[in-house]
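Listed below, chain by chain, are the residues.
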Amino acid sequence: RVGLLGDDAAHLIIRNNVIAGNGTGVYVERQGDFDLLFADNVVANNSDPHDYGADGLDRSANGLEIHGTGNSGTFDLTIVDSIFGGNAASGAQIAAAAYDRSVVVVQDSAFRQNVFSGLALSQHGIGDAQARFASVLADDNGTGLFVGATEAGTTFVSMRDVAAGGNVGFGIGIVQLES
């Protein structure tokens, strides 16, 4: 079961929701330009470790799961004032590939007590890969925050007022490999 499914959704605003008790909280997959404002949401206790969709993909009990593939264009994601907690996999699992530009902004949000990562971000084959974090709490997860930018033209990661303690693994992990 998926709480909210965005199949090939391009421009979304998901605001003021409680998304809890599903196999996967929110699942969005997109080929082409992508723009999502994810604000004022609680994503918690999504826990079916074998949540398979009609396409056969394992949804893996993530709170928020996004897969975007561009071939050009832009991937823009803003997460603000949201809480991700108690999910059986990651609080948020985000993958963007083959865009000219990818900008992910996470602000005033908390990732707590998720079994895998609080937030895991992968930006692969991006011309300009940016990740910006401000006032973020990532504690008591498997790992706090992981940001990976591989085969990117340029990469930029900014963290301000981020707390990532009490995680089983690392608090913050950053991998930047330019092409």
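All figures in this text were calculated on a predicted structure; none of them were measured in a lab. Residue numbers run consecutively from 1 along every chain, following the written order of its sequence. For a predicted model such as this one, the threshold for reporting local features is a pLDDT of at least 70, and the threshold for listing and counting side-chain atom pairs is 80 or more; totals across whole chains, interfaces and linings nevertheless cover every residue. Water and hydrogen atoms play no part in the side-chain values, which are based on all heavy atoms of the structure.

## Looking at the overall build of the protein chain
To qualify as a helix, a DSSP run of H or I must reach at least 4 residues; to qualify as a strand, a run of E must reach at least 2; elements of each kind are numbered from the N terminus. Broken down by element type, the protein chain carries zero helices and 16 strands. We compute the radius of gyration over the C-alpha atoms and compare it with the globule rule, which gives 2.2 Å times the number of residues raised to the power 0.38. By the compact-globule yardstick of 16 Å for 179 residues, the protein chain fits well, its C-alpha radius of gyration being 15 Å. Judged by the C-alpha coordinates and their principal axes, the protein chain covers about 40 × 35 × 25 Å. Out of the 179 residues belonging to the protein chain, those deemed buried represent 47%. Summing over all exposed atoms, the protein chain offers an accessible surface of approximately 7,600 Å²; the carbon and sulfur share of this is 50%. Side-chain charges in the protein chain split into 8 positive and 21 negative, and the spacing between the mean points of these groups amounts to 5 Å. Whether a residue is buried, partly exposed or exposed follows from its accessible area with a 1.4 Å probe, protein chains only, as a fraction of its type maximum: under 20%, in between, or over 50%, in that order. The protein chains shown are the only cover counted for residues, whose accessible areas, like all others here, come from Shrake-Rupley with a 1.4 Å probe. For the charge count, each Lys or Arg is scored as positive and each Asp or Glu as negative, with His and the chain ends excluded. Throughout, a charge is located at the NZ atom of Lys, the CZ atom of Arg, the CG atom of Asp or the CD atom of Glu.

## A look at the pattern of salt bridges
Here, a salt bridge means any side-chain nitrogen of Lys or Arg that lies within 4 Å of a carboxyl oxygen of Asp or Glu. Per the counting criterion, the structure on display carries five salt bridges. Ionic pairing is found between Arg 101 and Asp 76, a salt bridge with its closest N-O pair at 3.1 Å. Within this pair, whereas Arg 101 is found in strand S11 (residues 101-112), its partner Asp 76 is found in strand S8 (residues 74-80), the two being separated by 25 residues in sequence. Look at Arg 101 and you get partly exposed, because its relative accessible area is 29%. On the basis of relative accessibility, which here comes to 19%, the residue Asp 76 falls in the buried class. Linking Arg 160 and Asp 161 is a salt bridge whose minimum nitrogen-to-oxygen distance equals 3.3 Å. According to the relative accessible area criterion, Arg 160 is partly exposed, its value standing at 47%. Its relative accessible area of 54% is what places Asp 161 among the exposed residues.

## Observations concerning the environment of Thr 143
Mapped onto the fold, Thr 143 is located in strand S14 (residues 143-152). For Thr 143, a relative accessible area of 16% translates into the label buried. Beyond its immediate chain neighbours, meaning those up to four positions away, Thr 143 contacts Phe 116, Ser 117, Gly 118, Asn 167, Gly 169 and Phe 170. Polar contacts, as used here, are pairs of N or O atoms within 3.5 Å; protein pairs need one atom able to donate a hydrogen and one able to accept it. Residues neighboring in sequence count only if both atoms are side-chain atoms. Polar contacts involving the side chain of Thr 143 include one to the side chain of Ser 117, which spans 2.7 Å. Residue contacts are counted whenever heavy atoms from the two residues lie within 4.5 Å of one another.

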